[in-house]
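# Coordinate analysis (summary)
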Amino acid sequence: MSKGQRTLRTHGMGSWFFRSYGVYVGLVLLIVLSGVLSPQSFNATDLLNLGKQAAGLGIVSIGQTLVILTGGIDLSVGSVITFIHVFSVGTILGRPHLVLPVSALCLVLGLSIGSCNGLGITKARISPFVMTLCMDLILRGLYLIYTKGQPRGIVPDNLRFIGRGRVLTILPVAFLIWLLISAVFIFILKKTTFGAKVHAIGANPKTAFLSGVRNDRIILSIYALTGLCGSISALVLTGDMGAVSLGLGSDYALDSIAAVVIGGTSFVGGIGGVAGTVAGAFIIKLLIALLQKVNISHAGRLIIQGILILVIVGVYSKKSKS
Amino acid sequence: MIWVVLLVIVIAVVVIVPDFIHPRNIANVLVQMVPLGLVSIGQTFVILGAGIDLSIGPQVSLITVIASNVMTDTPHVIFAAVLLCLLSGLVFGLLNGILAHYVNIPPLVVTLCTGFIFQGFAFALHKTTGGHIPAAVHNVLTASFGILSVPLFIFLVFVFTGLYVLNKTRYGRYVYALGGNEEVLGNAGIHTGIVKIITYMTAGFMASVAGIYLAGRLKSGGAHYGTAFTLNSITAVVVGGTTLAGGQGGLSGTVAGGIIVSMLNNVLNNVSFRYGFQSTYYKNILTGIILIIAMLFYRKR
């Protein structure tokens, strides 16, 4: 496996710093830039607001980070979000007492969808992008059938709370949920054997297997966790939006991959982590806000994000090659 | 082998939906298959070389948009527009190939990103009116004589050219070798980058042929016209027995795979019309399931 060998070479101190902390330097620069562009919206409230807006993307990107760390990819996250979104709103139908049981059901659904991906990839040995692309199509078909093309339902106030609510009238609940989940996953990846195994599989699956890692189990649980992250993100986004839309998840495959890649996690395995992705999600949301400010359309956004991912992946791969 | 599967499916379909065997429907299925078939030829080249092209759908969409934007009724403008579209397709492929080979980014990531970029351009350039495609182009591209039609003829020309290139030329053997073991091919003194880039350019070229045909048939361009082709072309190739790891399989299987995919879509249309449900919702699910089944089937063997 030449991929594995490549990652084993030393990167040098500067490169290591760049990969680990460069993203936070970039984030600070981008915040300063947006502050210069519009000084009136440069204060703590607006930054916390940004944290709220980035929460949905941030949470789903945690799952995407795990997947990309193991050398896979999950292209189904967008459809998972839309599916859980229309399902939750359509089942709750504005009844507050149903929020808790339906949310629990949604988490189970997310886990099961992710497990299906994982089973297809590990047991049936279907490559991750094909399996998740198929899952994306299947879910898209399912939510279109479920909604008949016209989703309906009302989001009750207690579900809105996790998206829009504030603790102590200032801290956004969504942001806190995101930080909490991120902290849990940073801990898992850095301090537990599970985390070490994830990195080992990403660096070299064969070596990991020969050292006693049960690759299939780890990969299965990673895709299941990604499905779970997708459903949490869907609930947060539903609460924030307060309405129902079939287009909710459509950009999240691209956005989450962009957040992960900007955060310094590499496609050729085992390098990176959730801490970088948190900053990556912030950057993507800031960038989208900036693009909207200068009136660049959705089309322009697709082009810019596509180029951005290519440039960053290209720069990292050149660095690790030399 | 795959042709036997195709025969079995045809028999099953005829038993379930007797209308299917009607000559007009057969002609219809064959014509419907053409754009997918054209795109899948290019996808076969890329996958045989151990690559993948996820940007093919957006490429087709972008070509339909370009064609519908630049065409006017003047004959030499039509000619120039067709040339421009073919050239654009080649450039798209060149871009994918260069990024995949020289910048050392996995082809999956390259084409996913260029796909978003092409899609962005398609959104930016497309006209809400659908643009303009001259009636003459539409008439030529949809002309038919019984079961034989112009699109089918175009498709067959490209299939036989593709079969010749892959099976009879040195370049064809290089493509198989590229998918089998790139390092060995390089050690044999072949410039693997050029072999790889040409496979992506073939995909881009075929996408532009499909795009021109689609724009002509639908008399317009649209930013979503090609969306389904990405996964459908991969499905056709995989169903046809070409492995995603590269180096194994071939174009004749892809043709059968393409027929199977578009035939099942046609049957779904028939059935949904009869029982009155929305077939587009189920098409997504159908494609996903066919692809998973195909992967499972070839994994077992």
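Moving on, we come to the interface of chain A and chain B. Contact residues are listed per partner, giving 34 residues for chain A and 30 residues for chain B. With 14 residues, the single largest contributor to the side of chain A that touches chain B is helix α14 (residues 298–321) of chain A. Its residues placed into classes, the side of chain A that touches chain B shows 21 nonpolar, 10 polar and three charged.

Right, let's talk about the packing of helix α4 (residues 77–92) of chain A against helix α6 (residues 128–147) of chain A for a bit. Residues and elements named next belong to chain A. Running from N to C, α4 and α6 point in directions that differ by 20°, and their axes come no closer than 9 Å. One way to sum up the angle between α4 and α6 is to call them roughly parallel. For the pair α4 and α6, the sense of crossing is left-handed. In this structure, α4 uses Gly78, Ser79, Val80, Thr82, Phe83, Val86, Phe87 and Gly90 to contact α6, whose residues at the interface are Asp136, Leu139, Arg140, Leu142, Tyr143, Tyr146 and Thr147. Class assignment for the residues of the contact of α4 with α6 results in eight nonpolar, five polar and two charged.

Our next topic: unusual backbone geometry. Residue and element names in this part refer to chain A. Positioned with a positive phi, lysine 148 is a non-glycine residue whose angle comes to about 55°. Structurally, lysine 148 can be placed in the loop between α6 and α7 (157–164). At asparagine 295, a residue that is not glycine, the phi angle is positive and equals roughly 60°. By the secondary structure assignment, asparagine 295 is in the loop between α13 (274–293) and α14.

Below, the discussion takes up the environment of A:Asn117. With respect to the helices and strands, the residue A:Asn117 is situated in helix α5 (residues 99–122). For A:Asn117, the residues in contact, after removing those within four places along its chain, are A:Asp74, A:Ser76, A:Met131, A:Thr132, A:Met135, A:Tyr223 and A:Gly227.

As a further point, take the confidence of the model for chain A. All names here are of chain A. Across chain A, the average pLDDT comes to 86, with 92% of residues at or above 70. Of all helices and strands in chain A, the one with the weakest mean pLDDT is helix α1 (residues 2–8) (41), whereas α5 scores best (95). Low pLDDT (under 50) marks residues 1–11, which in the prediction has 18 contacts with non-local residues, meaning those over four places away or in another chain.

Reading the values: the criteria
- Residues numbered from 1 in each chain as written.
- Chains lettered and ligands numbered in written order.
- Predicted model: local features only at pLDDT ≥ 70, side-chain atom pairs only at ≥ 80, totals over all residues.
- Contact = placed C-beta atoms within 7 Å.
- Helix = DSSP H or I, 4+ residues; strand = E, 2+ residues; numbered from the N terminus.
- Nonpolar A, V, L, I, M, F, W, Y, C, P; charged D, E, K, R; others polar.
- Axes fitted to C-alpha atoms, helices over the stretch in contact; angles between N-to-C directions.
- Parallel < 35°, antiparallel > 145°, perpendicular 65-115°, else oblique.
- Left-handed = near helix turned anticlockwise from the far one by under 90°.
- pLDDT = per-residue confidence, 0-100.

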